[in-house]
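Now for the letters of each chain:
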Amino acid sequence: MQMQELASRYDILKVIGHGGFSAVFKARSKEDPEHIVALKQLDFVLDNKDAKEYKDFKDEVEILKQLDHPNIVKIYNEYILDNKPSLEMEYVDGETLETIIQRDGYFSIEDTLDVIAQMAAALSYCHHYYVSGNMPQNRASDSVIINRNAIIHNDINPKNIIRAKNEDGSWRYVLIDFGLSFVDPDAVRHSKKEDGMAEYKAPEKWNGELVDTPSDIYSLGIVIYELLTGTVPFPVKDYKQASEMIALEEKHKSAPVPDLCTTRMEAVYEKEQERPGECDIPGWLELLVQRCLEKDPLKRFKTGRELSRFFYNGLDEKIAVPEKEPETSVIDIDPSAIKNTAAYLEVEPNILTEGQHYFIQKAYTTIGRWNDMPGAVAADFGIRTADRFISKNHCQIIRKRDPEGGYRYFLQDTAPSKNGTFLNTSKNSTRLSATTEAVLKEGDYFWIGNTKIIFHQPGEM
Ligand SMILES: Nc1ncnc2c1ncn2[C@@H]1O[C@H](COP(=O)(O)OP(=O)(O)OP(=O)(O)O)[C@@H](O)[C@H]1O
């Protein structure tokens, strides 16, 4: 790589990242040795400096240079060095949220609130930024969408938020990488065709509709969900699989978001190997995430400012949180009507017990006799039975992630139940000890009281 101009201007201190399309360096200006910068240089040789794309890019940089906010990376200048477009910006010394999530799994509530406060401030600033003077046209399909009243980031994801330490030890979260339409051919690929990373991409982007400030709110909502649970609501294993991408599009457009509290409790259990008591996400924060992830952009917070307002009202306990519907349901679903279901339990009907199915959706599913007394503690899976040998809280299924990304399921007796839980035996021969977690495979069955329950795992989603 020829780097004469670059080398004459800067001492390269470190290569921060080098992908297929650009390299980012930590560099020291030779002219001003106090000046440490991040320098992003495209692997793109510019042979025509009058090209329209390059002019647009320069215009965009001119506008982004004006942005001055503690939670937005400061852009200093753009140059052509060794025939390559290069962007000089503030060096943010820290780690991306992606790195932190990969290492730590998920964030505490307190740290998540800190991220939301700072990112809502950043978005509030750019979503209400008044652009004066000459400006590029609003190019809705391009990556940076600039009009007089808003700058849209358009590629919010955990790779583009860096956490740095302030002098007083507190965290500063900084939004980087406004998906400039020219600065990064990779961004062009992402944004012109895909408008940002697929797992963070708002439904209206998939639909090719007008992208506006609520699209950033959706992407930030996915990041908040991921901070709280360690996983995005709609994960993708392989981007190259067309069927996965079609399914992902469908999920963003129409699938309900998996319950935030349940997913967090599973993540806590997986990390701590200890059952969490209550979900620690405040009700108003659940509502905030739901509002960010509304499919219809008109139902989301319109801009960072609206999000911010809701956030501080939540902190001040000024948001009314509706009671959650109880999870236990008496509606029986026929599993054959559902393709590709998650694991479920089938109760074999007998003279005392109704046939039932129950889909396992949580890290712990308690199983016991159906109890409709008001205020009674009910098991997750209440078996409708007159069988008095089944306790109200008899046994449980524990769900754990396996290394391939699927789930494994275990049966455990409840500490111990009065009448025992019997796995894969004729009834009443080998009782599970209360400390055993017996692994379950498709077709395994167990007995509680006089009732047989069959475990099914037809292939996880
Ligand atoms: N201003 C900055 N200060 C410090 N590190 C930065 C700065 N800008 C980018 N980085 C880091 O440099 C690395 C490469 O960044 P870059 O934006 O090119 O890569 P990317 O996010 O992998 O690619 P893409 O832009 O195609 O999504 C990342 O680890 C990023 O966090």
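Residues numbered from 1 in each chain as written. Predicted model: local features only at pLDDT ≥ 70, side-chain atom pairs only at ≥ 80, totals over all residues. Heavy atoms only, no water.

### Observations regarding the overall build of the chain
Helices and strands together make up the secondary structure of the chain, namely 11 helices and 20 strands. Every one of the 461 residues in the chain was classed for burial, and the buried ones make up 51%. In the chain, the proportion of contacts linking residues at least 24 apart, taken out of those at least 6 apart, comes to 59%. As presented, the chain carries roughly 22600 Å² of accessible surface, and 50% of it is formed by carbon and sulfur atoms. (Helix = DSSP H or I, 4+ residues; strand = E, 2+ residues; numbered from the N terminus. Buried < 20%, exposed > 50% of the residue type's maximum accessible area, 1.4 Å probe, protein only. Contact = heavy atoms within 4.5 Å. Areas by Shrake-Rupley, 256 points an atom, 1.4 Å probe, with all protein chains shown as cover.)

### So, the state of the cysteines
Counted by the stated rule, this structure contains one disulfide. We note that Cys-292 lacks a disulfide partner, and the nearest cysteine sulfur, in Cys-126, lies 15 Å from it. (Disulfide = S-S within 2.5 Å.)

### Points about the packing of helix H7 (residues 213–229) against helix H10 (residues 283–292)
With their axes 8 Å apart at the nearest point, H7 and H10 run at an angle of 140° to one another. Classified by the angle their axes make, H7 and H10 are oblique. As H7 runs across H10, the sense of the crossing is left-handed. Facing Ile-217, Tyr-218, Gly-221, Ile-224, Tyr-225 and Leu-228 of H7, the residues of H10 in contact are Leu-285, Leu-288, Val-289 and Cys-292. (Axes fitted to C-alpha atoms, helices over the stretch in contact; angles between N-to-C directions. Parallel < 35°, antiparallel > 145°, perpendicular 65-115°, else oblique. Left-handed = near helix turned anticlockwise from the far one by under 90°.)

### Notes on the pairing of strand E10 (residues 171–175)
Most of E10 sits out of view: four of its five residues are buried. Bridging between strand E9 (residues 161–165) and E10 involves five bridges; their strand directions are antiparallel. Bridge assignment links Ala-164 to a residue of E10, and that residue is Arg-172. Remark: five residues form the turn of the hairpin made by E9 and E10, two consecutive strands paired antiparallel; Gly-169 in that turn has positive phi of roughly 90°. (Pairing = 2+ DSSP bridges.)

### Comments concerning the side chain of Asp-413
Along the polypeptide, Asp-413 turns up in strand E16 (residues 407–413). One buried charged residue, Asp-413, forms no salt bridge at all, with the nearest opposite charge on Arg-431 at 4.6 Å. Within the structure, the side chain of Asp-413 is placed 2.5 Å from the side chain of Thr-421, a separation counted as a polar contact. If sequence neighbours within four positions are ignored, Asp-413 has contacts with His-394, Cys-395, Gln-396, Gly-420, Thr-421, Leu-432, Ser-433 and Ala-434. (Lys, Arg positive; Asp, Glu negative; His and termini not counted. Salt bridge = Lys/Arg side-chain N within 4 Å of Asp/Glu carboxyl O. Polar contact = N/O pair within 3.5 Å; in protein donor to acceptor, adjacent residues only side chain to side chain.)

### Quick word on the nonpolar core
Counting 76 residues, the largest nonpolar core has Leu-97, Ile-151, Leu-285 and Leu-288 as its most contacted members. Here the element with the most residues in this core is helix H4 (residues 109–127); it accounts for 10 residues. Looking at which domains feed residues into this core, each of domain 1 (1–91) and domain 2 (95–324) gives three or more. Residues Ala-343, Ile-383, Leu-432 and Ile-453 belong to the second largest nonpolar core, which totals 22 residues. (Core = buried A, V, L, I, M, F, W, Y, C linked by side-chain atoms within 4.5 Å. Domains from an automatic or database assignment.)

### Observations concerning the side chain of Thr-451
Looking at where Thr-451 falls in the secondary structure, it is placed in strand E20 (residues 451–456). Among residues more than four places away in sequence, those in contact with Thr-451 are Val-347, Glu-348, Asn-350, Thr-353, Thr-385, Asp-387, Ile-390 and Phe-446.

### Description of the pairing of strand E2 (residues 22–29)
Burial within E2 is extensive, with six of its eight residues counted as buried. With seven bridges connecting them, strand E1 (residues 10–18) and E2 associate as antiparallel partners. In the strand pairing of E2, Ile-12 is matched with Ala-27. Connecting E2 to the antiparallel partner strand E3 (residues 36–42) that follows it, the hairpin turn spans six residues.

### A look at the sheet that holds strand E6 (residues 94–96)
Strand pairing in a sheet relies on backbone hydrogen bonds. The paired strands run either parallel or antiparallel. Pairing is antiparallel across the open sheet formed by three strands, whose spatial order is E6-E9-E10. Each edge of the open sheet is held by one strand with a lone partner, namely E6 and E10. Taken over all neighbouring pairs, the strand axes of this sheet differ in orientation by 25° on average, direction set aside. Along the sheet, helix H3 (residues 97–104) contacts E6, E9 and E10; its crossing angle with E6, the most-contacted strand, is approximately 80°.

### Focus on the sheet that holds strand E11 (residues 344–347)
Strand order across the open sheet formed by five strands is E12-E11-E20-E19-E17, with antiparallel pairing between neighbours. On the outer flanks of this sheet lie strand E12 (356–359) and strand E17 (421–423), each paired with one strand and no other. Geometrically, the sheet is characterised by an average inter-axis angle of 25° between neighbouring strands, direction not taken into account. Strand direction decides the pairing type here: E11 and E12, joined by four bridges, are antiparallel.

### Quick notes on the confidence of the model for the chain
Mean pLDDT over the chain stands at 85; residues scoring 70 or higher make up 86%. Note on residues 138–143: pLDDT under 50 across the span, and 23 contacts to partners over four residues away in sequence or across chains. Within the model, the stretch residues 182–194 combines pLDDT values under 50 with 34 contacts to residues more than four positions away or in other chains. Across the whole predicted complex the pTM is 0.72, and at the interface the ipTM reaches 0.95. (pLDDT = per-residue confidence, 0-100.)

### Quick look at H3
All of the buried residues along H3 are Leu-97, Ile-100 and Ile-101. For H3, the arc enclosing every buried residue in end-on projection is 100°, short of the 170-degree limit, so these residues lie on one face. Looking at the packing, one finds that the buried side of H3 touches E6, H4, E9, E10 and H7. Positioned one or two residues after H3, Gly-105 has a phi angle of 90°, which is positive. (Arc of directions from axis to C-beta.)

### Here we look at the packing of aromatic side chains
Under the definition given, this model contains nine aromatic pairs. Taking 4.8 Å as the distance between ring centres and 75° as the angle between the ring planes, the aromatic pair formed by Tyr-269 and Tyr-364 counts as edge-to-face. Here the residue Tyr-269 occupies a position in helix H9 (residues 260–272), and Tyr-364 occupies one in strand E13 (residues 364–369), the gap between them amounting to 95 residues. Centre to centre, the rings of Tyr-344 and Phe-359 are 5.3 Å apart; their planes meet at 40°, and the pair counts as tilted. A residue pair is termed long-range when its members are at least 10 positions apart, and Tyr-344 in strand E11 and Phe-359 in strand E12 qualify at 15 residues. Like Phe-359, Tyr-344 is buried. Taking the ring centre of Trp-171 as reference, the NZ or CZ of Arg-163 above it sits at 3.6 Å. (Phe/Tyr/Trp six-rings, centres within 6.5 Å; stacked < 30°, edge-to-face > 60°. Lys NZ or Arg CZ within 6 Å of the ring centre and 35° of its normal.)

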